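Below are the chains, spelled out letter by letter.
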Amino acid sequence: MTDAQRAVLECWVRRRKTAQAFAQRSRIVLECADRHSIMEVSRRLGTTADTIRTWRRRFLERGLDGLCDAPRPGVSRKITNVDVERVIV
């Protein structure tokens, strides 16, 4: 992990508007970067070892982009963002 990546991850963890799932992924990667074992990170963060392995692997493969949600399978939305904004306004 580079210093720049660490700085971004720490920012995401501290930022109040970061989605909790995204902040949790950032915490996982930071804990793993500090050379804690998977089981120790799992215990500290209250999640499963499989979850730790998943996010660590995705970070190693794709960097910071690997922590973002992948598009879900299924039918695309029929209502566009423009339509949603128009209804709200």
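Look a little higher up for the structure.
Bear in mind that the values here come from a model prediction, so they are computed numbers and not experimental data.

1. Examining the overall build of the protein
Next up, step 1: Scanning the protein from N- to C-terminus turns up five helices and zero strands.
Next up, step 2: Across the protein, helices and strands are ordered from the amino to the carboxyl terminus as α-α-α-α-α.
Next up, step 3: Scaling as 2.2 N^0.38, a compact globule of 89 residues should have a C-alpha radius of gyration of about 12 Å, whereas the protein reaches 16 Å, well beyond that.
Next up, step 4: Dimensions of the protein, computed from C-alpha atoms along their principal axes, come out at roughly 50 × 25 × 25 Å.
Next up, step 5: When each of the 89 residues of the protein is scored for burial, the buried share is 25%.

2. Some thoughts on the pattern of salt bridges
Next up, step 1: For the structure on display, the rule yields seven salt bridges.
Next up, step 2: A salt bridge links Glu10 to Arg6; the nearest nitrogen and oxygen atoms lie 3.8 Å apart. Here Arg6 and Glu10 lie together in helix α1 (residues 3–14), a separation of four residues that amounts to about one turn.
Next up, step 3: The partly exposed category is assigned to Arg6, whose relative accessible area is 25%.
Next up, step 4: Among the ionic pairs, Arg86 bridges to Asp83, the shortest N-O distance being 3.5 Å. Here the residue Arg86 and the residue Asp83 both occupy positions in helix α5 (residues 81–88), the gap between them amounting to three residues, near one helical turn.
Next up, step 5: Judged by its relative accessible area of 58%, Arg86 falls in the exposed class.
Next up, step 6: Residue classification places Asp83 among the partly exposed positions, given a relative accessible area of 27%.
Next up, step 7: By sharing partners, the salt bridges in this structure join Arg6, Glu10 and Asp34 into a single network.

3. Description of unusual backbone geometry
Next up, step 1: Of note, Arg35 is a non-glycine position whose phi angle comes to about 65 degrees, a positive value.
Next up, step 2: The residue Arg35 is located in the loop between α2 (20–33) and α3 (38–45) in this model.

Definitions and limits used
- Residues numbered from 1 in each chain as written.
- Predicted model: local features only at pLDDT ≥ 70, side-chain atom pairs only at ≥ 80, totals over all residues.
- Heavy atoms only, no water.
- Helix = DSSP H or I, 4+ residues; strand = E, 2+ residues; numbered from the N terminus.
- Rg over C-alpha atoms; globule rule 2.2 N^0.38 Å.
- Buried < 20%, exposed > 50% of the residue type's maximum accessible area, 1.4 Å probe, protein only.
- Salt bridge = Lys/Arg side-chain N within 4 Å of Asp/Glu carboxyl O.

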